[in-house]
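Architecture and fold: a report
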Amino acid sequence: MNLKKLCICAIVSAMAGCATHDGRPPVATFDSQPELKLKSVKHWEAVASHLAGKLEPTLKAANQPVYVPEISGSPFGKIFPSQFRSSLMQLGIPVSSSAAGALQVNVGVQEVRHVIPGGLKPGELTALGGSLWYLDAAGPTAAALGGALAIADAVFSYEKHDSRPTTEVTLTTTIEQNGVYSVYRSDTYYIDGVDASLFVDRSRQFPVIQRER
């Protein structure tokens, strides 16, 4: 197979989603569910109210004052517990200023950054097509190849401009008594990567030390 046919075969196969079946089961994807994005302090307040509502039956059944400690040194870690306390009190749940004699509700926050693998940038595939014109500048196959490249380029461009954030935060809420969890739940939200420092205490990160050879 010459170079021209090899290039055409590779591109058409990629666009058609062709795969070599080697006996392994195909990859399946989870059903896509909408995920809320935290973009303002008002959104934090809405999350606090939602969380308080979810915990209301458990906390009222415990018949104890509730203590909510700060999460961390981040802005979210300082403000969210206050919003959460306020939401609990609005539901008639007593909130204590100390842990003594109270039911402690812990809320932790973890940042998850998704690494986007490198690949062709928008326009690169079409630019590649320009170099292939030399294979058969006047032939109909080259024209068809150029059209296929333009379509594939549009797909790559769409993926590169996907507006979904690449950073998430997970809030883990726990209530533990006598070594047994009565509540353990996780809630995940999108955030903009530039806002990550609002949720995570960067001062606790340690420098990477390069070992001398």
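Above this note sits the structure.
Because the structure is predicted, anything quoted here is derived from the model rather than measured. (Residues numbered from 1 in each chain as written. Predicted model: local features only at pLDDT ≥ 70, side-chain atom pairs only at ≥ 80, totals over all residues. Heavy atoms only, no water.)

Topic: the overall build of the protein
Regarding its fold elements, the protein presents six helices and four strands. Starting at the N terminus and walking to the C terminus, you meet the elements of the protein as α-α-β-α-β-α-α-β-β-α. Sequence-distant contacts, at least 24 apart, represent 75% of the contacts inside the protein between residues at least 6 apart. Counting only carbon and sulfur atoms, one obtains 56% of the accessible surface of the protein, whose full area is about 14500 Å². (Helix = DSSP H or I, 4+ residues; strand = E, 2+ residues; numbered from the N terminus. Contact = heavy atoms within 4.5 Å. Areas by Shrake-Rupley, 256 points an atom, 1.4 Å probe, with all protein chains shown as cover.)

A short note on helix α2 (residues 41-62)
Look at α2: 30 Å from first C-alpha to last across 22 residues, which is about the 32 Å you get at 1.5 Å a residue. Of all the bends in α2, the greatest, near 50°, is centred on E56, and the proline P57 appears no more than four residues after it. Within α2, burial applies to W44, V47, A48, L51, A52, L55 and L59. Those residues of α2 that are buried lie in contact with β1 (66-67), α3 (75-90), β2 (103-113), β3 (167-177), β4 (180-191) and α6 (196-199). Following α2 by one or two positions, N63 has its phi on the positive side, about 55°. (Expected span 1.5 Å × (residues − 1). Bend = angle between axes of the 7 residues up to and from the residue. Buried < 20%, exposed > 50% of the residue type's maximum accessible area, 1.4 Å probe, protein only.)

Thoughts on the packing of α2 against α3
Direction vectors running N to C along α2 and α3 enclose 50°, while the axes themselves pass 8 Å from each other. By the criterion of interaxial angle, the relationship of α2 to α3 is oblique. Two packed elements cross with a definite hand, and for α2 against α3 that hand is right-handed. Between α2, through V41, W44, E45, V47, A48, S49, L51, A52, L55 and L59, and α3, the contact on the second element is made entirely by P75, F76, I79, F80, Q83, F84, S87 and L88. In terms of residue class, the contact of α2 with α3 is made up of 14 nonpolar, three polar and one charged. (Axes fitted to C-alpha atoms, helices over the stretch in contact; angles between N-to-C directions. Parallel < 35°, antiparallel > 145°, perpendicular 65-115°, else oblique. Left-handed = near helix turned anticlockwise from the far one by under 90°. Nonpolar A, V, L, I, M, F, W, Y, C, P; charged D, E, K, R; others polar.)

Digging into the nonpolar core
Counting 29 residues, the largest nonpolar core has L59, F80, F84 and F199 as the members making the most contacts within it. Residue assignment for this core shows that the elements contributing at least two residues are α2, α3, β2, β3, β4 and α6. (Core = buried A, V, L, I, M, F, W, Y, C linked by side-chain atoms within 4.5 Å.)

Topic: the pairing of β2
For a regular strand, side chains alternate in direction, first toward one face of the sheet and then toward the other. As paired strands, β1 and β2 are joined by two bridges and run parallel to one another. In the strand pairing of β2, Y67 is matched with Q104. Note that the unit made of β1, α3 and β2 has a crossover that is left-handed. With nine bridges connecting them, β2 and β3 associate as antiparallel partners. Bridging across to β3, R113 finds its partner in T167. (Pairing = 2+ DSSP bridges. Right-handed = clockwise from strand over helix to strand, strands pointing away.)

Keep in mind that these numbers describe shape and distance, not what the molecule does.
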